Amino acid sequence: MGNLKELIDKLENKRILSLEEFIELLSNFTEETSNYLFEKARNTSKKYFGNKIYTRGLIEFTNYCKNDCFYCGIRRSNVDVERYRLSKEDILNCCENGYELGFRTFVLQGGEDLHYSDDYIVEIVSEIKKRFPDTAITLSIGEKSYESYEKYYKAGADRYLLRHETANFKHYSMLHPENQTAKARQQCLRDLKKIGYQVGAGFMVGSPYQTIENIAEDLIFINDLQPQMVGIGPFIPHHATPFSDFPQGSLDMTLFLIGILRLMIPNLLIPATTALGTIDPNGREKGILAGANVVMPNLSPVKVRKQYLLYDNKICTGEEAAECRFCLANRMKKIGYELAVDRGDFVPLEK
Ligand code: 5AD
Ligand code: FES
């Protein structure tokens, strides 16, 4: 135990541990170790962000997907999904609604849907930037070529979310069909960084076949990549996927990892994810108290929300969820935090 606290102190000072040290910490942590870590993580968040929580308006604009990830509810092979696409006008309406609610960042997320050509994405991004010049645009639309990423960037996209899912090549191949590789995915992340995007990586906690060593590898990978954002959430089974019978990921492990990430990269943008809120009614609050500093309220039209289900029992999909923003503002207030209304860019550390 003393030893584990020493490891946490070391992480705080050096901002990295060895693979073996991460494995030791992740294999043996207790409630007491967690609380020790969370206090340091919260203090670090306070130092960089005060009590402000950044907020991003999430627009899930298509649930068509050409990929077949074994864990995901909107995978191509799931024929039970009622598919939908939002038009440019639909998306702009979501943005307008969001802008009035105070959002200055929009996240356009979707399956890998070739209906949206590069030209159409460029058109959508340009139009949002024209109508709402003081907003930041985040894309989360999967693996594309360097040239495509560059086009979106030139059109005004500022950030890109692409979880690496697992850094371990063998583990990656157990979660995806053969045509989807960790090598290609990691190349995309490097391309995005090179082009100049603020980049978000991330992974699921407790995904099938994941070992503690794999998680330690994810942490080392993140340290090497130095992304501006990292999204992590528990794996949650979806009934109509090959992984329907696997158990969901652990709340305690997810929270512990948020704390570790906060100490590793002190100014990192870390969301308290919807998946975290799904496995525990206060999951997102617990995420913030473990060191997260971003929430992503759903801005998608309520009528399509039940069709964008990556996993079972997803929250924020009912009629009552029309204004997730207010719900989250209240939830944050209750634990002593406030939603920020600016773009919430990544701010590099002073050297
Ligand atoms: N449980 C939890 N997270 C999931 N994702 C996809 N399917 C699931 C699931 N069943 C995550 C993946 C993906 C992100 C958009 O959602 O990490 O990158
Ligand atoms: Fe969506 Fe509470 S945040 S309903």
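All of these numbers come straight from a predicted model, not from anything done at the bench. (Residues numbered from 1 in each chain as written. Chains lettered and ligands numbered in written order. Predicted model: local features only at pLDDT ≥ 70, side-chain atom pairs only at ≥ 80, totals over all residues. Heavy atoms only, no water.)

Enquirer: What is the right way to look at the overall build of the protein in this model?
Expert: Within the protein one finds 14 helices and nine strands. A globule of 351 residues ought to have a C-alpha radius of gyration of about 20 Å, and the protein, at 19 Å, matches this closely. With the principal axes as the frame, the protein shows a C-alpha extent of 60 × 45 × 40 Å. Looking at the protein as a whole, 60% of its 351 residues qualify as buried. Summarising the internal contacts of the protein: among those between residues at least 6 apart in sequence, 75% fall at separations of at least 24. (Helix = DSSP H or I, 4+ residues; strand = E, 2+ residues; numbered from the N terminus. Rg over C-alpha atoms; globule rule 2.2 N^0.38 Å. Buried < 20%, exposed > 50% of the residue type's maximum accessible area, 1.4 Å probe, protein only. Contact = heavy atoms within 4.5 Å.)

Enquirer: Sorry if this is basic, but what is going on with helix α6 (residues 146–155) here?
Expert: Side chains that are three or four residues apart share a direction in an α-helix, a result of its 3.6 residues per turn. Along α6, the positions that sit buried rather than exposed are Ser-148, Tyr-149, Tyr-152 and Ala-155. For α6, the arc enclosing every buried residue in end-on projection is 125°, short of the 170-degree limit, so these residues lie on one face. The inward-facing, buried residues of α6 contact α5 (118–131), β4 (136–140), β5 (159–161) and α8 (182–195). Remark: Gly-156 follows α6 within two positions and exhibits a positive phi of approximately 125°. (Arc of directions from axis to C-beta.)

Enquirer: I keep staring at the packing of helix α3 (residues 31–49) against helix α10 (residues 251–264) and nothing clicks. Help me out?
Expert: Contact pair α3 / α10: the axes reach a minimum separation of 9 Å and the direction vectors enclose 45°. The angle between α3 and α10 falls in the class oblique. The two elements α3 and α10 meet at a crossing, and its hand is left-handed. On α10, the residues that touch Thr-33, Ser-34, Leu-37, Phe-38, Lys-40, Ala-41, Thr-44, Ser-45 and Phe-49 of α3 are Leu-255, Phe-256, Gly-259, Ile-260, Arg-262 and Leu-263. The residue inventory of the contact of α3 with α10, partitioned by class, reads eight nonpolar, five polar and two charged. (Axes fitted to C-alpha atoms, helices over the stretch in contact; angles between N-to-C directions. Parallel < 35°, antiparallel > 145°, perpendicular 65-115°, else oblique. Left-handed = near helix turned anticlockwise from the far one by under 90°. Nonpolar A, V, L, I, M, F, W, Y, C, P; charged D, E, K, R; others polar.)

Enquirer: Before we go on, may I ask you to explain unusual backbone geometry in this structure?
Expert: Trans is the common state for peptide bonds, and a negative phi is the common state for residues other than glycine. A positive phi angle, close to 65°, is found at Arg-15, a residue other than glycine. Mapping Arg-15 onto the fold places it in the loop between α1 (2–14) and α2 (19–28). Among the residues examined, Arg-15 registers a relative accessible area of 33% and is labelled partly exposed. In this structure, Gln-226 takes a positive phi of about 50° despite not being glycine. By the element assignment, Gln-226 lies in the loop between α9 (212–225) and β7 (229–234). The exposure class assigned to Gln-226 is partly exposed, which follows from its relative accessible area of 34%.

Enquirer: It is not clear to me how the environment of Glu-39 should be interpreted in this structure. Could you clarify?
Expert: Mapping Glu-39 onto the fold places it in helix α3. Along the sequence, Glu-39 and Asp-280 sit 241 residues apart, while their C-alpha atoms lie 21 Å from each other.

Enquirer: Can you walk me through the site of ligand 1 in this structure?
Expert: As a matter of local geometry, ligand 1 sits amid Tyr-71, Cys-72, Arg-163, Glu-165, Met-204, Pro-234, Phe-235, Ile-236, Leu-310 and Tyr-311. Between Tyr-71 and ligand 1, the recorded distance is 3.0 Å, taken from a backbone N or O atom to a nitrogen atom. Within the complex, 86% of the 410 Å² of free accessible area of ligand 1 lies under protein. Residues of the shell around ligand 1, tallied by class, amount to eight nonpolar, no polar and two charged. (Near = heavy atom within 4 Å. Polar contact = N/O pair within 3.5 Å; in protein donor to acceptor, adjacent residues only side chain to side chain. Areas by Shrake-Rupley, 256 points an atom, 1.4 Å probe, with all protein chains shown as cover.)

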